[in-house]
Amino acid sequence: MTSTRSSASTNASDTSTQYIAFLRAINVGGRTVKMERLRALFTELGLGDVRSYIQTGNVFFRTDEPDRAALTARIEAHLEQALGYPVPVLLRTVDEVAALLAAEPFRGVEVTPDVRLVIAFLSEPLPAELAGPHRSPKGDFEVLGTDPGAAYVVVHLQDGKWVTREMFGKSYRGAVTSRFLHTTEKILAAARKG
């Protein structure tokens, strides 16, 4: 897939930061948002070089905004107002995603037809009891490890299906959105092409 650029995007200065916004609740559960509309919503906020990648809510942009928490809150409020439902936003710089992948968090994991490698992007660190390594009671996933912004999860499909969607249960109060490892690699490559 190729990334697409908003026709209203602007050229960013050399001092700006390039972010990848990993969005949750986009194009799932009957909530459909065309990527053209999503890019327009980001552009309305004055963000530059707005692009999107595939239909799962991955948006690239540049900004001079130094306060990531304030920027996240502003984007979330704008999306909720425009779309009518909350959309958790997890912002990572391109360099942060590159470093995460360069660390090879799944090194040594044998990939089989029943195994999926998943990066769960987190809005806040996991509680110690969930930070890993640990395996779920059902045996359908295991957390290999974490850092403050992500958990590295091996999903074991059962009868060809991903059984547990809420990996961290009610004890984790933060927002989570997940991407497969291979998808995250493609997202990073697309972001770098900008």
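The structure we're discussing is the one just above.
Everything in this summary refers to the structure shown in the same document. The model shown is predicted, which means the values in this text are computed figures rather than measured ones.

Quick notes on the rules
- Residues numbered from 1 in each chain as written.
- Predicted model: local features only at pLDDT ≥ 70, side-chain atom pairs only at ≥ 80, totals over all residues.
- Heavy atoms only, no water.
- Helix = DSSP H or I, 4+ residues; strand = E, 2+ residues; numbered from the N terminus.
- Rg over C-alpha atoms; globule rule 2.2 N^0.38 Å.
- Buried < 20%, exposed > 50% of the residue type's maximum accessible area, 1.4 Å probe, protein only.
- Areas by Shrake-Rupley, 256 points an atom, 1.4 Å probe, with all protein chains shown as cover.
- Core = buried A, V, L, I, M, F, W, Y, C linked by side-chain atoms within 4.5 Å.
- Polar contact = N/O pair within 3.5 Å; in protein donor to acceptor, adjacent residues only side chain to side chain.
- Contact = heavy atoms within 4.5 Å.

Let's shift gears to the overall build of the chain. When you go through the chain residue by residue, the secondary structure sums to 4 helices and 10 strands. Starting at the N terminus, the α and β elements of the chain follow one another as β-β-α-β-β-α-β-α-β-β-β-β-β-α. Here the C-alpha radius of gyration of the chain, 17 Å, is about what a compact globule of 194 residues would show, namely 16 Å. Taking the principal axes of its C-alpha atoms as reference, the chain extends roughly 45 × 35 × 30 Å. Relative to its 194 residues, the chain shows a buried fraction of 46%. If you sum the accessible surface of the chain, you get close to 10100 Å²; carbon and sulfur atoms cover 50% of it.

The next subject is the nonpolar core. Membership of the largest hydrophobic core comes to 24 residues, with the highest contact counts inside it found for Ile20, Phe22, Phe60, Leu100, Leu101, Phe106 and Ile119. Mapped onto this core, the elements with two or more residues apiece are strand S2 (17-23), helix H3 (94-102), strand S6 (115-122), strand S9 (150-156) and helix H4 (181-192). Within the second largest apolar cluster, 21 residues are counted, among which are Leu23, Val33, Leu38 and Leu45.

What follows concerns the side chain of glutamine 18. In this structure, glutamine 18 sits in strand S2. Glutamine 18 sits in the buried class, given a relative accessible area of 16%. A distance of 2.9 Å separates a polar side-chain atom of glutamine 18 from the backbone oxygen of alanine 191. The contacts of glutamine 18, once residues within four sequence positions are left out, are Arg51, Phe60, Phe61, Arg62, Arg92, Thr93, Val94 and Ala191.

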